[in-house]
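One-letter residues, chain by chain:
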Amino acid sequence: MSAKIIDGEAVASRIREQVKAAVEGMAQKHGICPGLATVLVGDNPASQQYVRMKQNRCKKVGIESFGHTLVAEASQEEVISLVRQLGEDTKVHGILVQLPLPGHMDEEAVLNTIPLHKDVDGFHPVNIGRLAMKNRKPLFIPCTPAGVIRLLEEAGAEFEGAEAVVLGRSNIVGMPVAMLLIHRNVTVTVCHSRTKDLPGVCRSADILVAAVGRPQMVKADWVKPGAFVIDVGSNRVEDSKAPKGYRWVGDVDFDEVKEVAGAITPSPGGVGPMTIAGLLQNTLRAAELAIDKLSIS
Ligand code: NDP
């Protein structure tokens, strides 16, 4: 059996079209253009590339972006002061602080400064706290985890009572994915670097989400036949035959696993495009919240 391939680019493209139409409608009805401020500290090439991609996508759907770059040696106070300024700026509806921040900064202290209604990445401790609680709603859900759930929905996964294994417990992927699954009445096991018998644990999963950052670690014999496999991993591996000398692979051995799984995301082309699409949706929502606030006051 060969798995159904879940096309993240196609789903993301639909989301982008919806956001674009809504942005146009907002301009006509309210004369307001959603605005996203990005804060990049330092010159990490991957972070620079992510921020550029986010800004380009904003432009294509009509969201205005305001880029701010600080040197790696900037003090935490400088970053916090910039974020506070952006918090007051009425043209800015969403604030994205590109992570990771340089080692001398307290990430939580910086994220805490983003006003809740502008926290389009969903990493503010209050938003994450609400996500971790039963019957509480965060204002924004982190984009990559939200993309994982949307792709499972698109593929027709049954959530109620299903068994899921999440490989990885990071704050930005593994933990929030686990919480979102629990909210959907899935029974979730979260694995990490100290988990014993990973293949055995994974084999119990109806839904398997891999977010470990280990190239092609998940093999066919780790996967229950018919399972839904979502590969969040994005790893650069050397390849002398590739034009650039490297290529990108996921945490799942796609060629092997697609013969066992019921549905699977490729990487690249699965979760990756969903992350930025989610950011656009969250920025639109932030602008809608600002309009609601204006009409109430
Ligand atoms: P982190 O490095 O923050 O977390 C990795 C997690 O995997 C940790 O919980 C770690 O365990 C666990 N882990 C690492 N090695 C093993 C192992 N051998 N066995 C079991 N568990 C292991 O990574 P991220 O969550 O930030 O990212 C994970 C992957 O997802 C990366 O490839 C990243 O590039 C990709 N990613 C993709 C995004 C997208 O938009 N598509 C967005 C964000 C990330 P422990 O906690 O014990 O250390």
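Residues numbered from 1 in each chain as written. Predicted model: local features only at pLDDT ≥ 70, side-chain atom pairs only at ≥ 80, totals over all residues. Heavy atoms only, no water.

1. So, the overall build of the chain
So the rule is basically this: Strands here are runs of E lasting at least two residues and helices are runs of H or I lasting at least four, both read from the DSSP assignment and numbered beginning at the N terminus. We compute the radius of gyration over the C-alpha atoms and compare it with the globule rule, which gives 2.2 Å times the number of residues raised to the power 0.38. To sort residues, take the accessible area from a 1.4 Å probe on protein chains only and compare it with the maximum for the residue type: under 20% means buried, over 50% means exposed, and anything in between is partly exposed. By the convention used here, residues are in contact when the closest approach between their heavy atoms is within 4.5 Å. Method for areas: the Shrake-Rupley scheme with a 1.4 Å probe, in which residue coverage is limited to the protein chains shown.
Within the chain, the secondary structure is distributed over 10 helices and 11 strands. For 297 residues, the compact-globule estimate of 2.2 N^0.38 gives 19 Å, and the chain sits close to it at 20 Å. Overall, the chain is about 55 × 40 × 35 Å in size when its C-alpha atoms are taken along their principal axes. Out of the 297 residues in the chain, the part that is buried amounts to 47%. Counting only contacts in the chain whose residues sit at least 6 apart along the sequence, the fraction spanning at least 24 positions is 68%. Counting only carbon and sulfur atoms, one obtains 51% of the accessible surface of the chain, whose full area is about 14,600 Å².

2. Considering the domain arrangement of the chain
Operational definition: Each domain's extent is set by a domain assignment, obtained either automatically or from a database.
When its domains are assigned, the chain resolves into domain 1 (31-115) and domain 2 (143-272). Spacing between the C-alpha centres of domain 1 and domain 2 amounts to 29 Å.

3. Some thoughts on the packing of aromatic side chains
For clarity, the cut-off: Only rings of Phe, Tyr and Trp enter the pairing, Trp through its six-membered ring, and a pair is recorded when the two centres are within 6.5 Å. The plane angle decides the type: under 30 degrees is stacked, over 60 is edge-to-face, the rest tilted. Criterion for a charge above a ring: Lys NZ or Arg CZ within 6 Å of the ring centre, and within 35 degrees of the ring normal.
Within the structure shown, the criterion is met by one aromatic pair. The ring of F159 has R184 lying over it, and the distance from NZ or CZ to the ring centre is 5.3 Å. Against the face of F140 rests R285, its NZ or CZ located 5.7 Å from the ring centre.

4. Topic: the sheet that holds strand 3 (residues 64-70)
Within a sheet, neighbouring strands are paired by backbone hydrogen bonds and run either parallel or antiparallel to one another. Formally: For two strands to be treated as a pair, DSSP must find no fewer than two bridges joining them. Note on geometry: axes are C-alpha line fits, over the in-contact stretch for helices, and angles between N-to-C directions span 0 to 180 degrees.
Across the sheet, three strands lie side by side as 3-2-4; this open sheet has parallel pairing. Every other strand in the sheet has two partners, leaving strand 3 and strand 4 (94-97) as the edge strands with one partner each. Geometrically, the sheet is characterised by an average inter-axis angle of 15 degrees between neighbouring strands, direction not taken into account. Pairing of strand 2 (residues 35-41) with strand 4 involves four bridges; the strand directions are parallel. Paired with V39 across the two strands is V97, which belongs to strand 4. Of the strands in this sheet, strand 2, strand 3 and strand 4 touch helix 2 (residues 45-61), which is tilted by about 170 degrees from strand 2.

5. Section: the pattern of salt bridges
It is possible for side chains of opposite charge to pair when their charged atoms get near one another. The condition that has to hold: The working definition used for a salt bridge is a side-chain nitrogen of Lys or Arg within 4 Å of a carboxyl oxygen of Asp or Glu.
Counting across every chain of the model gives eight salt bridges. Residue K224 pairs with D206 through a salt bridge whose shortest N-O separation is 2.8 Å. Taken together, the residues K224 in the loop between strand 7 (207-210) and strand 8 (228-231) and D206 in the loop between helix 8 (198-202) and strand 7 connect sequence positions 18 residues apart. On the basis of relative accessible area, K224 is assigned to the partly exposed category, the value being 31%.

6. Quick notes on the state of the cysteines
The line we're drawing: What counts as a disulfide here is a pair of cysteine sulfur atoms lying within 2.5 Å.
All told, the structure shown has zero disulfides when counted by the stated rule. C191 supplies the cysteine sulfur nearest to C202, a cysteine that is in no disulfide, at a spacing of 5.4 Å.

7. Regarding the side chain of D239
For clarity, the cut-off: N or O atoms within 3.5 Å of each other form a polar contact, as long as, within protein, one can give a hydrogen and the other can take it, and as long as residues adjacent in sequence are counted only when both atoms are side-chain atoms.
Note that D239 resides in the loop between strand 9 (235-238) and strand 10 (246-249). According to the relative accessible area criterion, D239 is buried, its value standing at 18%. In this structure the side chain of D239 is engaged in a polar contact, spanning 2.8 Å, whose partner is the side chain of R247. In this structure, D239 is in contact with G245, Y246 and R247, ignoring residues within four places of it in sequence.

8. Notes on the environment of V209
Summarising the element assignment, V209 is placed in strand 7. Relative accessible area serves as the criterion here: at 1%, V209 is assigned to the buried category.

9. With respect to the sheet that holds strand 11 (residues 263-264)
Taken in spatial order, the six strands of this open sheet run 1-11-8-7-5-6, and their pairing is parallel. Only two strands of the sheet have a single partner each, and these edge strands are strand 1 (4-5) and strand 6 (187-191). The pairing of strand 7 with strand 8 spans four bridges and is parallel. Within strand 8, the residue paired with V209 across the bridge is I230. Strands in contact with helix 6 (residues 143-154) are strand 1, strand 7 and strand 8; relative to strand 8, the strand with the most contacts, it is inclined by about 150 degrees.

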